[in-house]
Every structure is written in C-alpha cells, then in structure tokens.
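# Overview (structure and organization)
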Amino acid sequence: MTGRTIIVGGGPAGAAAACLLARAGRPVLLIERDAGPQHKICGEFVSVEARAGLAALGIDIARLGASPVDAVRLIHGRDAARSRLPFRGFGLSRRAMDEALLRKAAQLGATVMRGTAVRGVTPTGGGLAIETAGLGRIDADTLFLATGKHELRGVRRAPGHEPDGLIGFKMHFALCPAQRTALEGHVEIVLYEDGYAGLQMVEAGAANLCLLVRRDRFARAGGRWEDFLAGLRRECPHLDRRLEGAVALLEKPLSIARSPYGFVHRPGAADPPGLFRLGDQVGVIQPFAGDGMAIALHSARLAAETHLAGRPALEFHRRVRRDIGGRIRLASLLYAAGRTGRGRAVLVRASRLWPCALRLTAAGTRLPRSAWEA
Ligand SMILES: Cc1cc2nc3c(=O)[nH]c(=O)nc-3n(C[C@H](O)[C@H](O)[C@H](O)COP(=O)(O)OP(=O)(O)OC[C@H]3O[C@@H](n4cnc5c(N)ncnc54)[C@H](O)[C@@H]3O)c2cc1C
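## A closer look at empty space enclosed by the protein
Applying the stated criterion to the full structure yields one cavity of 30 Å³ or more. Within this model, the largest cavity holds a volume of roughly 70 Å³. If you go around the largest cavity, the residues you meet are Gly10, Glu32, Asp34, Gly36, Pro37, Gln38, Lys40, Arg95, Asp98, Glu99, Leu102 and Arg114. Top contributing element to the lining of the largest cavity by residue count: helix α3 (residues 94-107), with four residues. Here the lining of the largest cavity is composed, by residue class, of two nonpolar, three polar and seven charged.

This is the structure in structure tokens:
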C-alpha cells in the first residue's frame, strides 16, 4: 500500500491537520490506534485560542455542551485567590472533542483509519516507511507525527528531558448540587505538596478532576488512587468540600506518567525532511496552563499551511518553536516556583492581593495573539 501524506495520531493535532489538508483537497490518511471514542487524560479546559482553532474547523463547542468558564480560583490550604479570566474558556471532555474532530476530518474527505497502531517509522531514501500493525508497510513522502506523549520507534523525541517524576490522574464526578453550583463558571487550581489539581465542569453536568503528583508521594500513599485521594482531601479542605457526596463517573481513573513537561523540539539538519512534528511531539506545556490543545491546533495549522505551500518541514519547526518556546518556559518556571510550601503560599497571597497577577499569568502562558492571528 502506498500513500503520500500520512498522519499518525487522531488527537487534536492529528485530527485538525487531517481536516485542513482534506479541506484543501489533498488526499490524506489518518491512522489512530484507538478503535472508538475514549476518555483521555486532560484537564479539559478549552482556552480561547483552542476554541478559535476549533471554530475555524467548523466545530462549535457550545453545541457539544461545553461548560463556560469565566474565572479562576487558586487555592492553597485555607488560602484562596479568585480572578476573572482575561477571556472566556470552556470545559469539554476530550472524548466529545476528539470525536467531533475525527468526524469532521472524515466529512471533509480524509480517510480515517481507527483501531490500527503504527509500530515504527524508518526514513528511506526520499521518504518514510511507516510500519503498521495490520496494514503492513506504508510508504509516504510526508508524515505528520501527532502521537502525543507516545514515542514512535525511529522518530523518538530528543532524549534528555527531565520528566520530573510526575504522574497525572483524571476522574469525572457527579458533584452534589451545592458544590456543583459553587464550581460552575470557574476553573479551580489547588496547590499542594508535590503537585496540583484542576477542577472544573465539563458537559452533561460532570466535573473533571485532573491532578498531578510526584511519583514518590504517590508511592508513599501506598500507590493506590483511593488512598492517595483520601490523603489529599485531608490535606486540602477545599477539595474535600467539593468532593463531599460526589459520585465517581468513570470505573477507574485514567493515568499518565513520564510526560516531558517543558520539552520544545529543537529543529536540526538531522531531522528527516518529510517529518512534521505536531502537538505534544513538538512541545509539552505544564498542564495548569490549559493551553496544550491550543498548541496542538496551532501546530497543526502551521504544518498544514507549510506543507500545502510546498515549504520544508524545517521552516515549520523553526516557526512553531518561536511561537511556543517562551510560553512553555514561563509555565515551567511557575511550576518550579510552586514546588515549595513557601512558594505556593506566596503565589496564592500575591494573587489575592493583586488579582491582575493571576490574569497576567493566564495571559502570559497562552499562545501570543500575534502568533495565532498571523
Ligand atoms: C494531566 C494533563 C492535563 C492537561 N490539561 C489540559 C487542559 O486542561 N487544557 C489543554 O489545552 N491541554 C491540557 N493538557 C495538554 C493536552 O492534553 C495535550 O497537549 C494535547 O492532548 C496534545 O494533543 P496531541 O494531539 O498532540 O496528542 P494526544 O491528544 O495525546 O493524541 C495523540 C493520539 O495519538 C494516538 N496514538 C498514539 N500512538 C499511536 C500509534 N503508535 N499509532 C496510532 N495512533 C497513536 C493516541 O491514541 C491519541 O489519540 C493536559 C495534559 C495532561 C497530561
């Protein structure tokens, strides 16, 4: 089987690229290993830039039931700061969002192959050989690599990035009515020893709790989600109140480990010429920034435009690094500042005294408007 442009991965980056190439009349094959809709680990905060990127593809997240978010609460122990966001964000499950994107890609004419995993990629003379589980080898001139955190043999990200030993968890809850009312319209970021949690409403009345914790702390809590969450609720009275009487909506939490937060791809002459890295393959921002999906959509758009214009992948990689590098570094610095108890207390107190600091932080970790509009 031969194919000229292949996209591997059907998350926001891969699916958006498929939409854009198909809309431009290019034949494109997207290969996604999950056979059907899946919950994915994510805070599920859709920033203004991500929403704009989705709208440009013809996806109206309000129609998918997304829950509006106008304010942020930063919480540490019994201390809390609240500020309006400088934009309206939304909460929408990745299951709903990714599905809408893949449906759109197929409607626009992309061939979407689900339930097939790619095992590895080998650069050949002028192109790339893609080895699949089930379809055999597919030769392509151009590969859009959009496998998120997952590395692919032959085209792994540069080694040496410190993953910081963080584990991520996500669970959906039905909150009791009073807590649901208190949460609506807000994204809440709870800081605690060795990690942080984000809580917000998504569609259909569900609340998403997504948190990060250092691996050693999780191990100290016995390595079980239930015990860890019980300990966290004792440490964080705010979270305890929110989860009082809540019912878990997923059979078990989703988890993720070894994500290289802070990674930005450094383009070089050794990169295979037909390889475009999208989304988390090109840069991984700390989750609290809530902008990973915007980066995924932005990189998809830039890659598609570069490819359609017949320009080299190196040009795309340099441009995307310029657009996202500073934001990713700032988010990593803020994460580092919150790693000590004193740092966390200062962050919340400063945000309470100057709510504009929280707004500036929210604005500072986003893709610059100029990049988005260019
Ligand atoms: C804990 C946590 C919370 C986050 N919270 C937010 C948030 O609130 N807001 C926000 O904007 N961002 C958030 N992010 C970041 C965001 O989730 C990512 O930046 C975004 O999902 C990247 O999109 P992607 O398309 O690059 O990768 P992904 O969404 O990971 O998609 C990759 C796709 O590739 C498929 N795939 C992988 N390997 C193969 C293979 N070998 N063959 C075929 N298919 C394959 C996978 O099944 C998947 O569908 C969070 C991240 C984490 C870890």
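## Some points on the packing of aromatic side chains
Here the structure, examined in full by the defined rule, presents eight aromatic pairs. Ring centres of tyrosine 196 and tyrosine 335 lie 6.3 Å apart, and the angle between their planes is 65°; this geometry places the pair in the edge-to-face category. Of this pair, tyrosine 196 sits in strand β13 (residues 195-201) while tyrosine 335 is found in helix α9 (residues 313-337), placing the two residues 139 residues apart along the sequence. Judged by relative accessible area, which is 11%, tyrosine 335 ranks as buried. Taken together, the aromatic side chains of Phe169, Phe218, Trp225 and Phe228 make up a single cluster linked through ring pairs.

## Some points on the pattern of salt bridges
A complete count under the given rule lists 22 salt bridges for this structure. Note that arginine 114 and glutamate 99 form a salt bridge whose closest N and O atoms lie 2.9 Å from each other. Residue arginine 114 is found in strand β6 (residues 111-114), and its partner glutamate 99 is found in helix α3; the two are separated by 15 residues along the sequence. A relative accessible area of 27% places arginine 114 in the partly exposed class.

## Details of the site of the ligand
As a structural note, the neighbourhood of the ligand is formed by 34 residues, with Glu32, Lys40, Gly43, Arg94 and Asp280 the closest of them. Between the ligand and glycine 292 there is a distance of 3.2 Å, counted from an oxygen atom to a backbone nitrogen or oxygen. Within the backbone of methionine 293, an N or O atom sits 2.9 Å from an oxygen atom of the ligand. Taken by itself the ligand offers 1000 Å² of open surface, and the protein chains cover 93% of this. Broken down by secondary-structure element, the contributors of at least two residues to the shell around the ligand are α1 (12-23), β2 (29-32) and α8 (292-308). It is α8 that contributes the most residues to the shell around the ligand, three residues altogether.

Analysis parameters
Residues numbered from 1 in each chain as written. Predicted model: local features only at pLDDT ≥ 70, side-chain atom pairs only at ≥ 80, totals over all residues. Heavy atoms only, no water. 1 Å grid on protein atoms, 1.4 Å probe; cavity = no way out; pocket = protein on both sides within 12 Å on 5 of 7 lines; lining within 4 Å. Points joined across faces, edges and corners; volume = space filled by probe spheres on them. Helix = DSSP H or I, 4+ residues; strand = E, 2+ residues; numbered from the N terminus. Nonpolar A, V, L, I, M, F, W, Y, C, P; charged D, E, K, R; others polar. Phe/Tyr/Trp six-rings, centres within 6.5 Å; stacked < 30°, edge-to-face > 60°. Buried < 20%, exposed > 50% of the residue type's maximum accessible area, 1.4 Å probe, protein only. Salt bridge = Lys/Arg side-chain N within 4 Å of Asp/Glu carboxyl O. Near = heavy atom within 4 Å. Polar contact = N/O pair within 3.5 Å; in protein donor to acceptor, adjacent residues only side chain to side chain. Areas by Shrake-Rupley, 256 points an atom, 1.4 Å probe, with all protein chains shown as cover.

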